[in-house]
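Coordinate inspection notes
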Amino acid sequence: MHVFNSTLLLLAAVLISACASVEPVSNARPAWIDHPGNGVSVSAGMHVGGRVAQEELAILRGRTEFAKRMGVNIQSEQVTLTSVANDKSSTVGTQITHEDTSHSGIKVMVKEKWRDHDADVLWIWMVPSDK
């Protein structure tokens, strides 16, 4: 009986010490989302093209926002045509973008990324690059 109690006590001590050494995983919203400093923070929600397309969209949004701050004039036109024949539909889209700027060499870089797993939203923080 004494061996059983000693074994039970030892097992409890091991379990408690194992739980104490586990560090909590932080998935807290980063401060740079609300306070990006001289950079921009942008997001993109779930994308039909997957996570790569979601990241590309967020980066495009960040570049566009940065460009607006630097005096870049962006004109974009998107045309979508949908045709229906014999209960089948087909959609074709084209986009034309024209950019004008008085600045040359505007460079930005992705400083950090954070994914809100609950909402499936990717946040990207972009800052000026000196390279």
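Predicted model, so just to flag it, every value in this text is computed and none were measured.

What follows deals with the overall build of the protein. In terms of regular secondary structure, the protein is built from two helices and five strands. Ordered by position in the sequence, the α and β elements of the protein form the string α-β-α-β-β-β-β. The burial tally for the protein puts 19% of its 131 residues in the buried class. Counting only carbon and sulfur atoms, one obtains 57% of the accessible surface of the protein, whose full area is about 10200 Å².

The next thing to look at is the nonpolar core. Ranked by size, the top nonpolar core spans eight residues in total: Val-40, Val-42, Ala-44, Ala-58, Phe-66, Leu-122, Ile-124 and Met-126. Of all the secondary-structure elements, those providing two or more residues to this core are β1 (40-44), α2 (51-69) and β5 (121-128). Those residues in contact with Ala-44, other than ones at most four positions away along the chain, are Gln-54, Leu-57, Ala-58, Arg-61, Asp-120, Val-121 and Leu-122. Residues Ile-33, Val-121, Trp-123 and Val-127 belong to the second largest nonpolar core, which totals seven residues.

This part takes up the packing of aromatic side chains. A complete count under the given rule lists one aromatic pair for this structure. A centroid spacing of 5.6 Å and a plane angle of 10° characterise the contact between Trp-32 and Trp-125, whose relative ring orientation is stacked. Here Trp-125 lies in strand β5 and Trp-32 lies in the loop between α1 (2-20) and β1, a separation of 93 residues in the sequence. Residue Trp-32 is classed as buried on the basis of its relative accessible area, which comes to 6%. Across the ring face of Trp-123, the terminal group of Arg-29 is positioned such that the distance to the ring centre comes to 5.2 Å.

Note that Val-127 resides in strand β5. On the basis of relative accessible area, Val-127 is assigned to the buried category, the value being 10%. A sequence separation of 17 residues divides Val-127 from Val-110, and the C-alpha atoms of the two residues are 6.6 Å apart. Not counting the four nearest positions on each side in its chain, Val-127 is found in contact with Gly-39, Phe-66, Val-108, Met-109 and Lys-111.

The three strands are arranged β1-β5-β4 in an open sheet whose pairing can be described as antiparallel. The open sheet has two edge strands with one neighbour each: β1 and β4 (108-116). In this sheet, adjacent strand axes meet at a mean angle of 25° when their direction is disregarded. Both β4 and β5 contribute to a ladder of eight bridges, which runs antiparallel.

Rules used in this analysis
Residues numbered from 1 in each chain as written. Predicted model: local features only at pLDDT ≥ 70, side-chain atom pairs only at ≥ 80, totals over all residues. Heavy atoms only, no water. Helix = DSSP H or I, 4+ residues; strand = E, 2+ residues; numbered from the N terminus. Buried < 20%, exposed > 50% of the residue type's maximum accessible area, 1.4 Å probe, protein only. Areas by Shrake-Rupley, 256 points an atom, 1.4 Å probe, with all protein chains shown as cover. Core = buried A, V, L, I, M, F, W, Y, C linked by side-chain atoms within 4.5 Å. Contact = heavy atoms within 4.5 Å. Phe/Tyr/Trp six-rings, centres within 6.5 Å; stacked < 30°, edge-to-face > 60°. Lys NZ or Arg CZ within 6 Å of the ring centre and 35° of its normal. Pairing = 2+ DSSP bridges. Axes fitted to C-alpha atoms, helices over the stretch in contact; angles between N-to-C directions.

By themselves, these observations are geometric and do not establish any function.
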